[in-house]
Protein chains: 2
Amino acid sequence: VNNWELQDEPETLDDILISCRATLKYAIKTAHPRYFNQLSTGLDMVGLAADWLTSTANTNMFTYEVAPVFVLLEYVTLKKMREIIGWEDGRGDGIFSPGGAISNMYAMLLARFKMFPEVKEKGMSSVPRLAAFTSEHSHFSIKKGAAALGIGTESVICIKADESGKMIPADLERKILEAKQKGFVPFFVSATAGTTVYGAFDPLIAISDICKKYQVWFHVDGAWGGSLIMSRMHKWKLDGVERANSVTWNPHKMMAVPLQCSALLVREEGLMQNCNQMHACYLFQQDKHYDLSYDTGDKALQCGRHVDIFKLWLMWRAKGTIGFEAQIDKCLELSEYLYNKIKDREGYEMVFNGKPQHTNVCFWYLPPGMRYMEDKEEKKKRLHKVAPVIKARMMEYGTTMVSYQPQGDKVNFFRMVISNPAATFEDIDFLIEEIERLGQDL
Amino acid sequence: VNNWELQDEPETLDDILISCRATLKYAIKTAHPRYFNQLSTGLDMVGLAADWLTSTANTNMFTYEVAPVFVLLEYVTLKKMREIIGWEDGRGDGIFSPGGAISNMYAMLLARFKMFPEVKEKGMSSVPRLAAFTSEHSHFSIKKGAAALGIGTESVICIKADESGKMIPADLERKILEAKQKGFVPFFVSATAGTTVYGAFDPLIAISDICKKYQVWFHVDGAWGGSLIMSRMHKWKLDGVERANSVTWNPHKMMAVPLQCSALLVREEGLMQNCNQMHACYLFQQDKHYDLSYDTGDKALQCGRHVDIFKLWLMWRAKGTIGFEAQIDKCLELSEYLYNKIKDREGYEMVFNGKPQHTNVCFWYLPPGMRYMEDKEEKKKRLHKVAPVIKARMMEYGTTMVSYQPQGDKVNFFRMVISNPAATFEDIDFLIEEIERLGQDL
């Protein structure tokens, strides 16, 4: 098929099937156990079945009236997630949103409204200059959110991270004081539980102490690392998350729920509703014959909201909490295996020292011809081009896929992540062999 | 199944199947031809198959690298939609977003950025007090967007609508001048093509003239009515849409594409990218081996973005433009049939005069015992309670479902809409009989 255009006349059903086959053929095989390119990988069969059922039901989360079961399942699941976070009796609020960036934006919106409720009616002109704080390794959605919400990216103050990518609490406190001195009002700190590149977990307890001291909203962006709280072996990395005012947690990443499935959990009940509701009585009739507290549509930024809950709920039923735990533990075991395998191997250099905290393993591969180069600058320059070429070759051969990027003054390095429970030790071995095969001549 | 809780241990596969059956059993049958409750109804088999394929591909629209086919299909489809809008050679920009509310929010965000690009870095404190304008019948997402973006709901100025729900251009001009006098800067006008309740089309040409005169961004919220542009018979209702700076158009409504599928179309190329991009080089590597203009992720507010395009594209291939036209024309024919049937029928009163412009038919049903009541206030009071009771009974019997709401000083009335191509004349007849059966004793 080399014609993708849309025409006036219908195609035949045969043509439609050909289009479907071509679409699948040229699609990236994200479920392949050697696809390590993104934080969301794999394909869970129960999750897929649940997504198919969701499509078939073809409704949205707007009101209890049009999605009674899904609304209840969202309620049950959010409560369970809050219990796991450690909030008393699972109390609080939350929503499934279209991805972690929007979940983070919700958190910032709520923090602003909590401190200055008049902003809803009067806008930012009624509010002093605000300041938000997040580490230099945090996700770009914090800045995106600030730009959209009219706060401005310059009001997002970057906190230094240590060598392994964790926010330095002392720098946070220093920058909060600095901002206050300049007349800004600190309103929002976003700590990251599992950074995108290094997989670092910010020290939540120390950060929460600072937030408490300065009365700033404490958000934890656990889009990537939040799921580790389901593992008895790894949950200590999130110690302090129970003190958060809000938590982003994306089951579509480390829990391998089909895309999309992102939750924002909020400690204070009723705040989302107050912040976002517009009382549109033509949409949310107040004289219906059921308990209107189930009509959650007005607490969302969206009007109709896609049903993202059923695949998570059904997978949870099928695996149990221990099933998620086992698959998370396995991915972390694989990444430790990778780390142990390459940390002293010839031709590899780790981007930072120490065992990975998440499944992220960041490393340079130095082709044989570059290993003993004396000119450091020239070596750096050449090394910067290695990962892009190896990756391009991976994609041409179609054997595996892994991400690379620069970070600060560090030239391009590979970032391996594992979130697909179907990945095996052999797949890790293959990756190493493939990098060496494709990179040896560079 | 009366246990929806999530447990530590897995359930059996049998239990999972029982849960699926129960979920479908208690779900609202949104594809039923007598489900008239929402603007999104029906279930297209090609669309469903496409959504299943999308779930199976389990990727997102983040980069060309992870969704090459879907990114190209989105490009092709947005271009086609812009051609249909009437923009030269289909030029411009656009995105599929998580629903009409977010599409409208994007439009407002772009309008603000276009006028005051420094808002991205400096926030609203660098910008004068802004004013947005939309009709009193417009969708609540305009206010929601203003609240979220830090503009404030008080900066959304409601323009009067005429008796049939259309914005009155003279009132728009008056309120723009008034706002300017008060020191506000008018930056955004949202005209509605197909209001939620009345289905009214604002007079786009007259509104666009005013926008041009005062140099204000002209947005058309065609979430509901935009699709009528695909009908040669009905497209005149959107005359002037080609002058818009941005258009919201939800194929998941009148084109019966499975949820969710909402497009924002933007006239100016590059603006979305400039407005939203954050240049996160760890997400959007600049040294990849393909044309980076296909990496559209950074123009979105989201990071990963759900694949909403394939179902629309595949349905379009399967039906052709003429297929969508036929199903839209059919729904409008059915609503005209309903209108003609009840406009002079005993016990019915139309909420506004004249043929419906969209498929919305708004009416009161007066049970026999209320028809000759003399006390107007008492009659109004009782009439207000009729629609909620009839609807509750519809839901208990499970026979049909239709929306009702008050509007301004008008008490609860039924709002019929038809967007399901499977609906027939018999279904309309049934609805009337059912309202009378369930309401006769009230």
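Residues numbered from 1 in each chain as written. Chains lettered and ligands numbered in written order. Predicted model: local features only at pLDDT ≥ 70, side-chain atom pairs only at ≥ 80, totals over all residues. Heavy atoms only, no water.

An unreviewed UniProt entry annotates chain A as Glutamate decarboxylase 2 of Oncorhynchus kisutch. Under the Sequence similarities (unreviewed entry) heading, UniProt states for chain A: "Belongs to the group II decarboxylase family." (UniProt positions renumbered as here; feature names shortened; annotations may be inferred.)

What follows is about the packing of helix H3 (residues 68-85) of chain B against helix H10 (residues 309-342) of chain B. Residues and elements named next belong to chain B. Their axes nearest at 9 Å, the elements H3 and H10 cross at an angle of 55 degrees. By the angle class used here, H3 and H10 are oblique. Relative to H10, H3 is oriented so that their crossing is left-handed. Each of Phe 70, Leu 73, Glu 74, Val 76, Thr 77, Lys 80, Met 81 and Ile 84 in H3 lies in contact with H10, whose residues at this interface are Ile 309, Phe 310, Leu 312, Trp 313, Trp 316 and Thr 321. Taken together, the residues of the contact of H3 with H10 sort by class into 10 nonpolar, 2 polar and 2 charged. (Axes fitted to C-alpha atoms, helices over the stretch in contact; angles between N-to-C directions. Helix = DSSP H or I, 4+ residues; strand = E, 2+ residues; numbered from the N terminus. Parallel < 35°, antiparallel > 145°, perpendicular 65-115°, else oblique. Left-handed = near helix turned anticlockwise from the far one by under 90°. Contact = heavy atoms within 4.5 Å. Nonpolar A, V, L, I, M, F, W, Y, C, P; charged D, E, K, R; others polar.)

The next subject is the interface of chain A and chain B. Accessible area lost on assembly of the parts is the figure often given for the size of an interface. Taken together, the contact between chain A and chain B spans 119 residues of the former and 118 residues of the latter. Inspection of the chain A/chain B interface yields 8 salt bridges. Its salt-bridge partner being Asp 298 of chain B, residue Lys 144 of chain A comes within 3.1 Å of it at the nearest N-O pair. Inspection of the chain A/chain B interface yields 61 residue pairs in polar contact (both at pLDDT 80 or more). Considering each element in turn, the side of chain A that touches chain B owes the most residues, 10 residues, to helix H10 (residues 309-342) of chain A. Here the side of chain A that touches chain B is composed, by residue class, of 59 nonpolar, 37 polar and 23 charged. (Salt bridge = Lys/Arg side-chain N within 4 Å of Asp/Glu carboxyl O. Polar contact = N/O pair within 3.5 Å; in protein donor to acceptor, adjacent residues only side chain to side chain.)

Residues and elements named next belong to chain A. With an omega of -10 degrees, the peptide bond running from Leu 259 to Gln 260 counts as cis. A positive phi angle is found at Asp 89, which is not glycine, with a value near 55 degrees. Within the secondary structure layout, Asp 89 lies in the loop between helix H3 (68-85) and strand E2 (93-97). For Ala 256, which is not glycine, the phi torsion reads 60 degrees and is therefore positive. Mapped onto the elements, Ala 256 comes out in the loop between strand E7 (246-249) and strand E8 (262-266). For Ala 256, a relative accessible area of 4% corresponds to the buried category. (Buried < 20%, exposed > 50% of the residue type's maximum accessible area, 1.4 Å probe, protein only.)

All names here are of chain A. The strand order E1-E11-E12-E10-E9 describes an open sheet built from 5 strands, whose pairing is mixed. Strands at the two margins of the open sheet, each flanked by one partner only, are strand E1 (35-36) and strand E9 (348-350). In this structure, E1 lies alongside strand E11 (residues 401-407), joined through 2 bridges in parallel fashion. Across the sheet, residue Phe 36 finds its bridge partner in E11, namely Val 402. Running at roughly 155 degrees to E11, helix H11 (residues 376-397) makes contact with strand E10 (361-365), E11 and strand E12 (410-416) of the sheet. (Pairing = 2+ DSSP bridges.)

All right, on to the pairing of strand E4 (residues 156-159) of chain B then. Bridge count for strand E3 (residues 130-135) of chain B against E4 of chain B is 4 bridges, and the pairing is parallel. From the neighbouring strand, Ala 132 of chain B faces E4 of chain B, where its bridge partner is Val 156 of chain B.

Residues and elements named next belong to chain B. Mapped onto the secondary structure, Arg 415 falls in strand E12 (residues 410-416). Taking the C-alpha atoms as reference, Arg 415 lies 26 Å from Ile 157; in sequence the two are 258 residues apart. A polar side-chain atom of Arg 415 sits 2.9 Å from the main-chain carbonyl oxygen of Thr 196.

Here the structure, examined in full by the defined rule, presents 14 cavities of 30 Å³ or more. Roughly 570 Å³ of volume is contained in the largest cavity. If you go around the largest cavity, you meet 46 residues; those closest to its centre are Gln 38, Leu 39 and Lys 253 of chain A together with Cys 303 and Gly 304 of chain B. Going through the elements one at a time, helix H4 (100-115) and E11 of chain A are the ones with two or more residues in the lining of the largest cavity. Looking at the lining of the largest cavity residue by residue, the class counts come to 13 nonpolar, 26 polar and 7 charged. Taken as a whole, the second largest cavity holds about 490 Å³ of empty space. Considering the residues around the second largest cavity, the lining is formed by 37 residues, among which Cys 303 and Gly 304 of chain A together with Leu 39, His 139 and Lys 253 of chain B are closest to the centre. For the lining of the second largest cavity, the element with the most residues is helix H4 (residues 100-115) of chain B, which contributes 3 residues. Counted by class, the lining of the second largest cavity contains 10 nonpolar, 21 polar and 6 charged residues. (1 Å grid on protein atoms, 1.4 Å probe; cavity = no way out; pocket = protein on both sides within 12 Å on 5 of 7 lines; lining within 4 Å. Points joined across faces, edges and corners; volume = space filled by probe spheres on them.)

Let us now look at the packing of aromatic side chains. Enumeration according to the criterion identifies 33 aromatic pairs over all chains in this entry. Pairwise contacts between aromatic rings join Trp 4 of chain A together with Phe 70, Phe 310 and Trp 313 of chain B into one cluster. Residue placement shows Arg 437 of chain A over the ring face of Tyr 397 of chain A; its charged tip is 4.6 Å from the ring centre. (Phe/Tyr/Trp six-rings, centres within 6.5 Å; stacked < 30°, edge-to-face > 60°. Lys NZ or Arg CZ within 6 Å of the ring centre and 35° of its normal.)

Okay, the confidence of the model for chain A next. Averaged over every residue, the pLDDT of chain A is 96; residues scoring 70 or more account for 100%. At the level of chain-chain contacts, confidence expressed as ipTM amounts to 0.97, with global pTM at 0.97. (pLDDT = per-residue confidence, 0-100.)

We now examine helix H7 (residues 169-181) of chain A. All names here are of chain A. When the terminal C-alpha atoms of H7 are compared, their 19 Å separation across 13 residues agrees well with the 18 Å that a helix rising 1.5 Å per residue should span. Among the residues making up H7, those that are buried are Asp 171, Leu 172, Lys 175, Ile 176 and Ala 179. Projection of H7 onto a plane perpendicular to its axis shows the buried side chains occupying an angular sector of 140 degrees, all on one side. Away from the buried face of H7 by more than 90 degrees, exposed residues Ala 170 and Gln 181 are located. Packing partners of the buried residues in H7 comprise strand E3 (130-135), strand E4 (156-159), strand E5 (185-192) and helix H8 (204-213). Looking one or two places after H7, you find Gly 183, whose phi comes out positive at around 95 degrees. (Expected span 1.5 Å × (residues − 1). Arc of directions from axis to C-beta.)

Further remarks concern the relation of the copies chain A and chain B. Both copies of the chain are tied together by a single rotation about an axis and a shift running along it. Superposing chain A onto chain B takes a rotation of 180 degrees plus a shift of 0.0 Å along the axis, which leaves an RMSD of 0.0 Å. Here the transformation between the copies is reduced to the relation of a two-fold axis. Closest approach to the rotation axis among the C-alpha atoms of chain A is made by Leu 149 of chain A, whose C-alpha sits 2.0 Å away. When the interface residues of chain A are mapped onto chain B, 99% of them are again interface residues, pointing to one common binding face. (Least-squares fit on C-alpha atoms with pLDDT ≥ 70 in both.)

Glancing now at the packing of H10 of chain B against helix H12 (residues 425-439) of chain B. All names here are of chain B. At their nearest, the axes of H10 and H12 sit 10 Å apart, and the two run at 35 degrees to each other. For H10 against H12, the interelement crossing comes out right-handed. Only Phe 425, Ile 428, Asp 429 and Ile 432 of H12 make contact with H10, whose side of the interface consists of Glu 333, Leu 334, Tyr 337, Leu 338, Lys 341 and Ile 342. Among the residues making up the contact of H10 with H12, the classes are represented as 7 nonpolar, no polar and 3 charged.

Moving on, we get to the nonpolar core. One finds Leu 312 and Met 416 of chain A to be the most contacted residues of the largest nonpolar core, which totals 123 residues. Top contributing element to this core by residue count: H10 of chain A, with 15 residues. Counting residues in hydrophobic clusters, the runner-up holds 121 residues, among them Leu 78, Ala 131, Ala 147 and Leu 265 of chain B. (Core = buried A, V, L, I, M, F, W, Y, C linked by side-chain atoms within 4.5 Å.)

So, on to the pattern of salt bridges. For the structure shown, the criterion picks out 56 salt bridges over all chains. Taken together, the salt bridges that share partners define one network made up of Glu 65, Lys 288 and Asp 295 of chain A together with Lys 391 of chain B.

Next up on the list: the environment of Val 46 of chain A. All names here are of chain A. With respect to the helices and strands, Val 46 occurs in helix H2 (residues 45-57). Considering only alpha carbons, one finds Val 46 and Arg 34, 12 residues apart in sequence, at a separation of 21 Å. When neighbours within four sequence positions are excluded, Val 46 is seen to be in contact with Leu 314, Met 315 and Ala 318.

This part takes up the UniProt feature "modified residue: N6-(pyridoxal phosphate)lysine" (unreviewed entry) in chain A. Residues and elements named next belong to chain A. The sites that carry the UniProt feature "modified residue: N6-(pyridoxal phosphate)lysine" (unreviewed entry) are, in the present numbering, Lys 253. By secondary structure assignment, the location of Lys 253 is in the loop between E7 and E8. Assessed through its relative accessible area of 15%, Lys 253 is described here as buried. With near-sequence residues (within four places) excluded, Lys 253 lies in contact with Leu 39, Ser 40, Ala 223, Trp 224 and Ser 419.

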